[in-house]
Amino acid sequence: MISRYERLSNYVIVIVLTVAVLFPVAWFVLTSVSPNTSGALDLSRISLSNFSAAWRDGNLAHSMYASLVITVSAVIGQTILAILSGYAFGVLGVVGERFLFPVILLGMMVSTEVIVIPLYYEFQRVGLTNSWLGLVIIQLGMGVPFGTYWMRATFRALPRSVMDSAAVDGAGVWSTLWRILVPMARPAVLTLVILSFMWTWNDFFLSLIFLGDPEKQTATVALGAFQGRHVLQVNLMAAGSLIVSLPVVALYLFFQREFISGVMAGAVKE
Amino acid sequence: MTVQTSRLSVRARPRTRAVSRQTRKRRWIGLLFLSPALLLYGAIVLVPLIQTVNYSFYKWDGVSEPTWMGLQNYLEFGRDPRMYAAFGHVLVLIVMFGLIPLGLGLISAALLSRAKIRGEGIYRWFLFLPQVLTSVVVAIIWKRIYAPDGPLNTVLRWVGLDSLTRNWLGDFTWALPSLGMIGVWGGFGFTMVLFLAGILAIPDELYEAARLDGSTRWQEFWLITLPSLRGQMAIALTLTITGALRTFDMVYITTQGGPGDATTTPALLLYQLAFVNPDVGKASATGVVLALLCLGIAVGITRMMENKDR
């Protein structure tokens, strides 16, 4: 049906686009295994020593641990909150939802920058700056709008009959949610988990502001400081960058299908 | 007859009331389920949002007593060239983070839509990768690429375009477009994957019918593909434009707003004003303007999409 010319041009488009996107990343990966500190590639002497050097010099063990603790806590919390509030809006209905739902959606349009100033000074007052707990609390609150929106749409898309028959079977509100709806919504929950992991792990702005103490800082902030100090050691910088981005990329490698299909489903639903 | 109807309606009424009472009870349970999220959201987003507005009427260095300024912080916007610059740069970033990826994503998705490509999953994985990469890492990668001795200049020298080589991020004219290119690079894989997914959801019959009517691919694009992607376009635009407005990591890592003020963004300015050399009131005013801008754009996009609906 498609002409040969068309098929060929399709491949050309795909390959050109992929190379364009990939080139910077691939080049960086090659830099990270080259011994040359100027960043010039030297593929005849590939070594992995840059990774251990970056790990040591960049204080990465410590900051990766910080990122991990913060991210895992935030993901678990955000997911539970999203399931509860999505269930409330999507299935149960909420007193005052005509007011409350738009108010929560508003949060998707509120950028972090707008609320971060009072948050910082308030948190400083109560001793929650330079604290992982403080950062997790902020991530939880900020995750509410998207999580609510996402899980509400998910639950609404489930067939109504399932909930009715659950009610007929005498399942309570709580067990209907956890025994029936959440298992049915597993792909969407997984997507939410992945998105929220990615967003929290990749955060720089909040960590920079709220965790000024180098002892507490996350991997992204440590990496930012590291690249400032090691401008002249490009290969170390590249290695450090790859280490910091690895958890999310690994997750993406593993869950690509779920990840992208989740984005698709969310988009189509709208 | 009349008696019967009234009896019927009398019998019907308690049942509806019972249902609505049950519904009402369920809606209170709903509120209970919502309450943890709502409380956190209120404390972390809503209250600070109002506080920011309040802060914006004061002059405060973060330590000593704040003094009431009224609208002074906002009025200074017009006089402060840095503010002008920051918000002006956002316009450029919106085009490069939002509109260009939207266009590129549409074109490539339309070209590829009906084609069967081998290894689809693989190229999709790569095209989407910039979305997943830590923004700090993306910034570091590009900072290197744009460096005076970085790969971009090396390539330019290879192909004999030595005259074009420069310190891209240190150049008053080129620093901002160079940053914008990072947005194009990162954004269009996302829009493309989003649109390809949207196109897959369009029923084949529509295209077959159009083919039978003898329409060209161009007409198919305008009459079928584009209108069907309205929802995805709204999502893509809202996400990428909000992304552009929030640009911070990229600028903080690569240029810190320099050279001069050539790449300051509102978020960077806000950060500096709030935490580096505290002028908290002015920082808050920046935040408020940024918020209004975000809101206006989101509402505007929704309106536009609704209009197209009719």
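Keep in mind it's a predicted model, so treat the numbers as computed, not measured. (Residues numbered from 1 in each chain as written. Chains lettered and ligands numbered in written order. Predicted model: local features only at pLDDT ≥ 70, side-chain atom pairs only at ≥ 80, totals over all residues. Heavy atoms only, no water.)

Visitor: What exactly am I supposed to notice about the nonpolar core here?
Guide: Side chains that are nonpolar tend, in soluble globular proteins, to be buried together. Val116, Ile117, Met151, Phe155, Leu177 and Phe210 of chain A together with Phe248 of chain B are the most contacted members of the largest nonpolar core, which totals 172 residues. If near-sequence neighbours (up to four positions away) are discounted, Ile117 of chain A is found in contact with Tyr55, Leu270, Ala274, Phe275, Val280, Ala283 and Ser284 of chain B. (Core = buried A, V, L, I, M, F, W, Y, C linked by side-chain atoms within 4.5 Å. Buried < 20%, exposed > 50% of the residue type's maximum accessible area, 1.4 Å probe, protein only. Contact = heavy atoms within 4.5 Å.)

Visitor: Please clarify how the pattern of salt bridges should be interpreted in this entry.
Guide: Where side chains of opposite charge bring their charged atoms close, a pairing between them can arise. Scanning the model with the defined rule gives 8 salt bridges over all chains in all. The salt bridge involving Arg125 of chain A is made with Glu122 of chain A; its shortest N-O contact spans 2.6 Å. With Arg125 of chain A and Glu122 of chain A both in helix α5 (residues 112-125), this residue pair falls 3 residues apart, about one helical turn. Overall, the relative accessible area of 62% leaves Arg125 of chain A in the exposed class. Classification of Glu122 of chain A by relative accessible area gives partly exposed; the value is 24%. The residue Asp171 of chain B makes a salt bridge to Arg166 of chain B at a minimum N-O spacing of 3.8 Å. Via salt bridges that share partners, Glu76, Asp80 and Lys282 of chain B belong to a single interconnected network. (Salt bridge = Lys/Arg side-chain N within 4 Å of Asp/Glu carboxyl O. Helix = DSSP H or I, 4+ residues; strand = E, 2+ residues; numbered from the N terminus.)

Visitor: Explain the packing of helix α4 (residues 97-109) of chain A against helix α6 (residues 132-157) of chain A here, please?
Guide: Axes are the key here: two packed helices are described by the angle between their axes and the distance separating the axes. All names here are of chain A. For the pair α4 and α6, the least separation of the axes is 7 Å and the interaxial angle reads 120°. Classified by the angle their axes make, α4 and α6 are oblique. Judged by the twist between their axes, the crossing of α4 over α6 is left-handed. Counted together, Phe101, Ile104, Leu105, Gly107 and Met108 of α4 and Val144, Pro145, Phe146, Thr148, Tyr149 and Arg152 of α6 form the full contact between these two elements. (Axes fitted to C-alpha atoms, helices over the stretch in contact; angles between N-to-C directions. Parallel < 35°, antiparallel > 145°, perpendicular 65-115°, else oblique. Left-handed = near helix turned anticlockwise from the far one by under 90°.)

Visitor: Looking at this model, I keep getting lost on the domain arrangement of chain A. Mind explaining?
Guide: Quoted interface sizes are often the accessible area lost when the parts come together. Residues and elements named next belong to chain A. Segmenting chain A into domains produces domain 1 (4-50) and domain 2 (57-269). Inter-centroid distance (C-alpha atoms) of domain 1 to domain 2 is 31 Å. With 11 residues of domain 1 at the contact, the number on the domain 2 side is 9 residues. For the domain 1 and domain 2 pair, buried surface summed over both sides reaches about 790 Å², with 70% attributable to carbon and sulfur atoms. When the area that domain 1 buries against domain 2 is broken down by residue, the three leading residues are Phe28, Thr37 and Asn50, summing to 62%. Counting across the interface, domain 1 meets domain 2 through 0 salt bridges. In terms of residue class, the side of domain 1 that touches domain 2 is made up of 3 nonpolar, 8 polar and no charged. (Domains from an automatic or database assignment. Buried area = accessible area lost by both parts, 1.4 Å probe. Nonpolar A, V, L, I, M, F, W, Y, C, P; charged D, E, K, R; others polar.)

Visitor: Where do I start with the UniProt feature "transmembrane region" (unreviewed entry) in chain A in this structure?
Guide: Residues and elements named next belong to chain A. Look at the UniProt record and you will see "transmembrane region" (unreviewed entry) annotated at residues 12-30, 65-92, 99-120, 132-151, 188-211 and 231-255. In this annotation, residues 99-120 is assigned 91% helix and 0% strand; the end-to-end C-alpha distance for the span is 28 Å. Along residues 231-255 one finds 88% helix and 0% strand; the C-alpha atoms at either end are 34 Å apart. (UniProt positions renumbered as here; feature names shortened; annotations may be inferred.)

Visitor: For this particular structure, what's the right way to read the domain arrangement of chain B?
Guide: We note that the domain assignment places domain 1 (2-42) and domain 2 (76-309) within chain B. Placing a centre on the C-alpha atoms of domain 1 of chain B and another on those of domain 2 of chain B gives a separation of 47 Å.

Visitor: Explain the packing of aromatic side chains here, please?
Guide: Aromatic rings in a pair are described by how distant their centres are and how their planes are angled relative to each other. Tallied over the entire structure, the rule returns 40 aromatic pairs over all chains. For the ring pair Tyr65 of chain A and Trp132 of chain A, a centre distance of 5.8 Å and an interplane angle of 65° mean the geometry is edge-to-face. With Tyr65 of chain A in helix α3 (residues 60-92) and Trp132 of chain A in helix α6, the pair connects residues that are 67 residues apart, well separated along the chain. The exposure class of Tyr65 of chain A is exposed, given its relative accessible area of 51%. Here Phe57 of chain B and Trp68 of chain B contribute two aromatic rings whose centre-to-centre distance is 5.8 Å and whose plane-to-plane angle is 40°, an arrangement assigned as tilted. In this pair, Phe57 of chain B is assigned in the loop between α1 (2-55) and β1 (58-59) and Trp68 of chain B in strand β2 (residues 67-68), connecting sequence segments 11 residues apart. Cluster of aromatic residues (ring-pair linked, three or more members): Tyr120, Tyr121, Phe123, Phe204, Phe205 and Phe210 of chain A together with Tyr55, Trp60, Phe248, Tyr252, Tyr271 and Phe275 of chain B. Looking at Arg152 of chain A, its charged tip hangs above the ring of Phe101 of chain A, at a distance of 4.0 Å from the centre. Cation over ring: Arg166 of chain B sits above Trp168 of chain B, and NZ or CZ is 5.2 Å from the ring centre. (Phe/Tyr/Trp six-rings, centres within 6.5 Å; stacked < 30°, edge-to-face > 60°. Lys NZ or Arg CZ within 6 Å of the ring centre and 35° of its normal.)

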